[in-house]
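So you can see what is in the structure, the chains are spelled out below.
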Amino acid sequence: MSTEKQQEHRKRHIDETEDTQSDVGQSDVGNGEMDEAFVEDLDSLLDEIDEILEEDSQEFVENYIQRGGQ
Amino acid sequence: MKRRIYGLETEFGIIWTPDGPRKKTLTVQNVVMYLFREIVAGRMYPDVFLENGARFYQDIGCHPEYATPECDDVAELVAHDKAGERIITRLASNAERHMKNDGFHGKISIFKNNLDTPGNTYGCHENYLMERHVDFRQLASQLIPFFVTRQVFTGAGKIKPSHRGYYAISQRAEHIREEISIGTTTARGIINTRDEPHADREKYRRLHVIVGDSNMSEFSTFLKVGTTGIVLRMIEDNFIQQRFALRNPVKAIREISDDITCKHQIELQNGKRLSAVDLQWQYLECAKRYLAQAESDTTTAQIMARWEYVLTCLETDPMQLEREVDWVIKWKWLQTYLAKRGYDWDSPQVKHLDLKYHNVRQEESLYYTLERRAEVERIVRDTQIQHAEHFPPERTRAKFRGKFIKKVNEGKILCGVNWSYIQLYEPYQILYLSTDPFKPEFDEASRTIYSI
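This section reports on the structure supplied with the text. (Residues numbered from 1 in each chain as written. Chains lettered and ligands numbered in written order. Predicted model: local features only at pLDDT ≥ 70, side-chain atom pairs only at ≥ 80, totals over all residues. Heavy atoms only, no water.)

Points about the sheet that holds strand β15 (residues 415-417) of chain B
Residue and element names in this part refer to chain B.
Consideration 1: Here three strands make up an open sheet; going across it, the order is β15-β16-β17 and the pairing antiparallel. Every interior strand has two partners, whereas the edge strands, β15 and β17 (430-433), have only one. Between one strand axis and the next, the sheet turns by 10 degrees as a mean value, whatever way the strands run. (Pairing = 2+ DSSP bridges. Helix = DSSP H or I, 4+ residues; strand = E, 2+ residues; numbered from the N terminus. Axes fitted to C-alpha atoms, helices over the stretch in contact; angles between N-to-C directions.)

Here it is in structure tokens:
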């Protein structure tokens, strides 16, 4: 239950942060620290996604052919 | 609610990517043979039951397929479905080692989705043990509108070229051609008529559902099977009085899939127009009335709460479900990644990342990257999944099957196993039948097997 709550809290935090960004167009000063943490988090997640896409996308996608199943 | 037997069958997509200087290629068939090598133990055909009671085999079109053991609880089913992903992942790592020894260097990718690049499809089939007395026509007419519309929270998301609308909710919708059909490889129906209960046929039928997408999200799997189980119970008890008959269900399933705002209205036979979410609300309201007079249990209460939550979100803004529902999670992260990295929607990177969402090998997977960072909601704990990899459910016939398999594997005893029977060959020559999947032990068989 506690992890669920943490995730919910975190979700709200992300939502609020996004709202702040889109409404004001730039980070609110009071939330500066929180935003920074959020951006850092997102950046490192995107870096991880870069890693899983390391191979040649064009070649990989073209080669992905299966026989039809059920 | 009364107990029911549930099961999920997943056909995985599989591809081998060679590396190293020589880049030796291999056919899918060969890769699948390597995958099965350590568990087939001299059998002619790759088709085995495992110690957790599940079946793992090669299905039509060379797809490795994992069929969960019989579960009587939906959360437990989610754990067993996830256990299947982990088992195939482990087999893939071992297969790569064997292949390397044989001079084939590279990587196996395994996808839990329903489409390859040219658009061939493979399935995730749900199985529900049902009471035989229900009139099939009535069953079909009350289920079709439900199956057409539930994709708003069960869809796995399908990317489309920008000129064709970017994104659709469901991977399977476009491959559904009939309302009712026996076919699973062509002319697939919203309702499939295959009826092999693997149980007492007088009491039970099996509802074999082929219309759904494969889900990565535990939340989507939980709701997909959970809501369907509740709707079936209402049908069995003849509780649904409303008529939701659709003018053209096959057209409707595609139209709903094509509208990610979830606002599109489909036409009913009586001329009214309703959105998928409207129709789901009606099923939910009916279920609330039904459950008010039935015995409740924790899992059913959790399903109901989550069902209401997703419909509330879908009604205002589907994108609120960015942690719960597969098609929304994937859409969110495809968008975010492309925007940050400056890729075009029609670029190969989008298609690649779409596939990666469904990769079950965790270090290669977009879904599991998100899970690791707590960006998606869970239904079960990792320890439950680990347990399900090795142990069968406790309250169904799978319990005995699992224990039996463990024993014969250890003793290298020759036997034949299927969902509803276990056969010991020479020198025992005994056949044990089980026509009651709710019964976890075969008394007589237990005595024999534990005396061996």
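Quick notes on empty space enclosed by the protein
Residue and element names in this part refer to chain B.
Consideration 1: Evaluation of the coordinates by the stated rule reveals four cavities of 30 Å³ or more.
Consideration 2: Its volume calculated, the largest cavity comes out at about 70 Å³.
Consideration 3: As for the largest cavity, its lining consists of F147, R150, Q151, T154, G155, S170, A173, V211, G212, D213 and I253.
Consideration 4: In terms of residue class, the lining of the largest cavity is made up of four nonpolar, five polar and two charged. (1 Å grid on protein atoms, 1.4 Å probe; cavity = no way out; pocket = protein on both sides within 12 Å on 5 of 7 lines; lining within 4 Å. Points joined across faces, edges and corners; volume = space filled by probe spheres on them. Nonpolar A, V, L, I, M, F, W, Y, C, P; charged D, E, K, R; others polar.)

Remarks on the layout of surface pockets
Residue and element names in this part refer to chain B.
Consideration 1: Its volume calculated, the largest pocket comes out at about 930 Å³.
Consideration 2: Taken together, 31 residues form the lining of the largest pocket, with I39, R43, V48, F49 and N409 sitting closest to its centre.
Consideration 3: Those elements that place two or more of their residues in the lining of the largest pocket are α1 (28-40), β3 (47-49), α2 (74-101), α12 (382-390), α13 (398-411) and β15.
Consideration 4: Sorting elements by how many residues they give to the lining of the largest pocket places α13 first, with five residues.
Consideration 5: Taken together, the residues of the lining of the largest pocket sort by class into 15 nonpolar, six polar and 10 charged.

Considering the packing of helix α3 (residues 136-149) of chain B against helix α7 (residues 276-292) of chain B
Residues and elements named next belong to chain B.
Consideration 1: Across the interface, α3 lies against α7 with an axial gap of 9 Å and an inter-helix angle of 130 degrees. On the basis of their axis angle, the class for α3 and α7 is oblique. Crossing hand, α3 versus α7: left-handed. Counted together, Q142, P145, F146 and T149 of α3 and A276, L279, Q280 and Y283 of α7 form the full contact between these two elements.
Consideration 2: Looking at side-chain class alone, the contact of α3 with α7 contains five nonpolar, three polar and no charged residues. (Parallel < 35°, antiparallel > 145°, perpendicular 65-115°, else oblique. Left-handed = near helix turned anticlockwise from the far one by under 90°. Contact = heavy atoms within 4.5 Å.)

Some words on unusual backbone geometry
All names here are of chain B.
Consideration 1: For C262, which is not glycine, the phi torsion reads 60 degrees and is therefore positive.
Consideration 2: The exposure class of C262 is buried, given its relative accessible area of 7%.
Consideration 3: We note that K412 has phi near 50 degrees; this positive angle belongs to a residue other than glycine.
Consideration 4: Along the chain, the position of K412 falls in the loop between α13 and β15. (Buried < 20%, exposed > 50% of the residue type's maximum accessible area, 1.4 Å probe, protein only.)

Some details on the pairing of strand β7 (residues 124-131) of chain B
All names here are of chain B.
Consideration 1: Counted residue by residue, β7 has eight buried out of eight residues, so it is predominantly covered.
Consideration 2: Alignment of strand β1 (residues 6-11) against β7, held across five bridges, turns out to be antiparallel. Residue pairing for β7: L8 is matched across the bridge by E126.
Consideration 3: Across six bridges, the pairing between β7 and strand β12 (residues 204-209) is antiparallel. Bridge pairing in β12 places L129 opposite R206.

Observations regarding the packing of aromatic side chains
Residue and element names in this part refer to chain B.
Consideration 1: For the coordinates displayed, the defined rule picks out 18 aromatic pairs over all chains.
Consideration 2: Judged by centre distance (5.2 Å) and plane angle (70 degrees), the rings of F146 and Y283 are edge-to-face. Of this pair, F146 sits in helix α3 while Y283 sits in helix α7, and the two are 137 residues apart along the sequence. Of the two residues, F146 and Y283, neither departs from the other in class, the shared state being buried.
Consideration 3: It is K24 that lies over the ring of F104; its NZ or CZ is 5.0 Å from the centre.
Consideration 4: The ring of Y57 is capped by R55, whose NZ or CZ atom sits 3.6 Å from the centre of that ring. (Phe/Tyr/Trp six-rings, centres within 6.5 Å; stacked < 30°, edge-to-face > 60°. Lys NZ or Arg CZ within 6 Å of the ring centre and 35° of its normal.)

Description of α12(B)
All names here are of chain B.
Consideration 1: Residues of α12 that are buried include every one of I385, A388 and E389, and no others. Viewed end-on, α12 has its buried residues packed into an arc of 110 degrees, placing them on one side of the element.
Consideration 2: Where α12 is buried, its residues meet α2 and α5 (218-236). (Arc of directions from axis to C-beta.)

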